[in-house]
Amino acid sequence: MARRHPILRGFLILVGAIVGLVIALAVVVRIWGPEMSFRAAVAVVEIQGVIEDTTELVETLGRYRTDKNTVGVVLRVDSPGGGVAPAQELYDAVWRLRGVKPVIASFGNVAASAAYYISSAADVIVADPGTLTGSIGAIMEFQNYEALANKVGVGETVVKSGHFKDVGHPLRPLADDERAMLQGVVDDALSQFIDAVAKGRGLDADRVRTLADGRLYSGAQAQAVGLVDQLGGLDTAQRLAWERAGQVGEPRIVRVPARRRPWWLSFFEQLALPQTSRLGGGLMFLYEGALPH
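Procedures and definitions
- Residues numbered from 1 in each chain as written.
- Predicted model: local features only at pLDDT ≥ 70, side-chain atom pairs only at ≥ 80, totals over all residues.
- Heavy atoms only, no water.
- Helix = DSSP H or I, 4+ residues; strand = E, 2+ residues; numbered from the N terminus.
- Buried < 20%, exposed > 50% of the residue type's maximum accessible area, 1.4 Å probe, protein only.
- Contact = heavy atoms within 4.5 Å.
- Salt bridge = Lys/Arg side-chain N within 4 Å of Asp/Glu carboxyl O.
- pLDDT = per-residue confidence, 0-100.
- Phe/Tyr/Trp six-rings, centres within 6.5 Å; stacked < 30°, edge-to-face > 60°.
- Polar contact = N/O pair within 3.5 Å; in protein donor to acceptor, adjacent residues only side chain to side chain.
- Pairing = 2+ DSSP bridges.

A. Fine view of the environment of alanine 111. In this fold, alanine 111 is placed in strand E3 (residues 103-112). The class for alanine 111 is buried, based on a relative accessible area of 0%. Considered as a pair, alanine 111 and serine 135 are 24 residues apart in the sequence and their alpha carbons are 9.0 Å apart. Not counting residues within four places of it along the chain, the set of residues in contact with alanine 111 comprises Val77, Ser79, Tyr116, Thr131, Leu132, Thr133 and Gly134.

B. Layout of the pattern of salt bridges. According to the stated counting rule, one finds 9 salt bridges in the structure shown. Three or more residues joined by partner-sharing salt bridges are found here, namely Lys160, Asp166, Arg172 and Glu178.

C. Up close: the confidence of the model for the chain. Summarising the model, the chain shows a mean pLDDT of 83, and 80% of its residues fall at 70 or more. Mean pLDDT across the elements of the chain bottoms out in helix H11 (residues 278-284) (37) and peaks in strand E4 (residues 124-127) (98). Under a pLDDT of 50 for its full length, residues 273-286 has, in the predicted model, 30 contacts with residues more than four places off or in other chains. The model gives residues 288-293 a pLDDT under 50, and that stretch makes 14 contacts with residues more than four places away or in other chains.

D. Quick peek at unusual backbone geometry. Despite not being glycine, serine 113 has its phi angle at roughly 55 degrees, a positive value. Assignment of secondary structure puts serine 113 in the loop between E3 and helix H4 (114-119). Using a relative accessible area of 1% as the deciding quantity, one classes serine 113 as buried. Of note in this structure, serine 135 is not a glycine but carries a positive phi near 55 degrees. With respect to the secondary-structure elements, serine 135 resides in the loop between strand E5 (132-134) and helix H5 (146-152). For serine 135, a relative accessible area of 8% corresponds to the buried category.

E. The arrangement of the packing of aromatic side chains in detail. Scanning the entire structure with this criterion turns up 4 aromatic pairs. Geometrically, the ring pair formed by tyrosine 91 and tyrosine 117 is edge-to-face, given 5.3 Å between the ring centres and 75 degrees between the ring planes. Of the two residues, tyrosine 91 is situated in helix H3 (residues 84-98) and tyrosine 117 in helix H4; the sequence distance between them amounts to 26 residues. For the residue pair tyrosine 91 and tyrosine 117, the accessibility class agrees, reading buried in each case. Ring plane angle 70 degrees and centroid distance 6.2 Å describe the contact between phenylalanine 107 and tyrosine 116, whose orientation is recorded as edge-to-face. Among the residues examined, phenylalanine 107 registers a relative accessible area of 0% and is labelled buried. With a relative accessible area of 0%, tyrosine 116 lands in the buried category. Ring pairs connect the aromatic residues Tyr91, Trp95, Tyr117 and Phe193, which therefore count as one cluster.

F. Geometry of the side chain of glutamate 46. With respect to the element layout, glutamate 46 can be found in strand E1 (residues 41-48). We classify glutamate 46 as buried; its relative accessible area is 12%. Here arginine 255 takes part through its side chain, which lies 3.1 Å from a polar atom of the side chain of glutamate 46.

G. Just the pairing of E4, in detail. Covered by surrounding structure in E4 are Val124 and Val126 together with Ile125 and Ala127, the residues of both alternating faces. Note that E3 and E4 share 4 bridges and pair parallel. Bridge assignment links phenylalanine 107 to a residue of E4, and that residue is alanine 127. Bridge analysis of E4 against strand E7 (residues 230-231) gives 2 bridges, and the strand direction is parallel. Its bridge partner being in E7, alanine 127 is matched across the sheet by leucine 231.

Structure follows, in structure tokens:
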């Protein structure tokens, strides 16, 4: 038996190495699998739901910018909008990618507000005729429970460091100077939105401003006013990216699905938000558009 130990030990080491290799390969496939390609391909990147954290999307677009096998990118967008800073970060990432290879935005059911902001950085925007898009504008919302609080006899004492520190407090109405201050923030956000769309679409800023009253457009209406280039679905966008990259034949597609946040994280954030960040809720969805019902 003593002479068999080295053989058994070697066998166990070999098995352990194989298991480790399989685990490492599984991790690589989990992280990089959708993006692994050894031939020229168009990558389809999904942007879905409310846009809150674009860190992974920005990193993904950055990898595609330098990946020699990725000849073009299609942004498959189905989102009502989202936060200001995430939209601006992703817009910048799309703009950098656009400088290297073709980027086509493909609109699904809805691509409004912040989702349109991001998409305007693409070379071409393709939408279905019935897509809901546009909603170029900014909004800040606060809840007011003053009347309810008076009925049930509750209140709150606030000690603050500055006049505007508790702006948006739910137990009192906005003062005139507070409303004016917040209107200035919203107006500035709108100007940033307009400038981004004008730059991405190659339009005059004054022209974009006439379209930026928050209204929704169908895909067909958006094409008529210059917010969409072409009517069509995902297949149209994929073929367009493939052709703009100088490729022939049937396009090869690599799909990167949207990565959804764990349900429990969103649940606990919703529970904590009213206690931790009254103003944060209004700012988080500054560019959020209407959801169709």
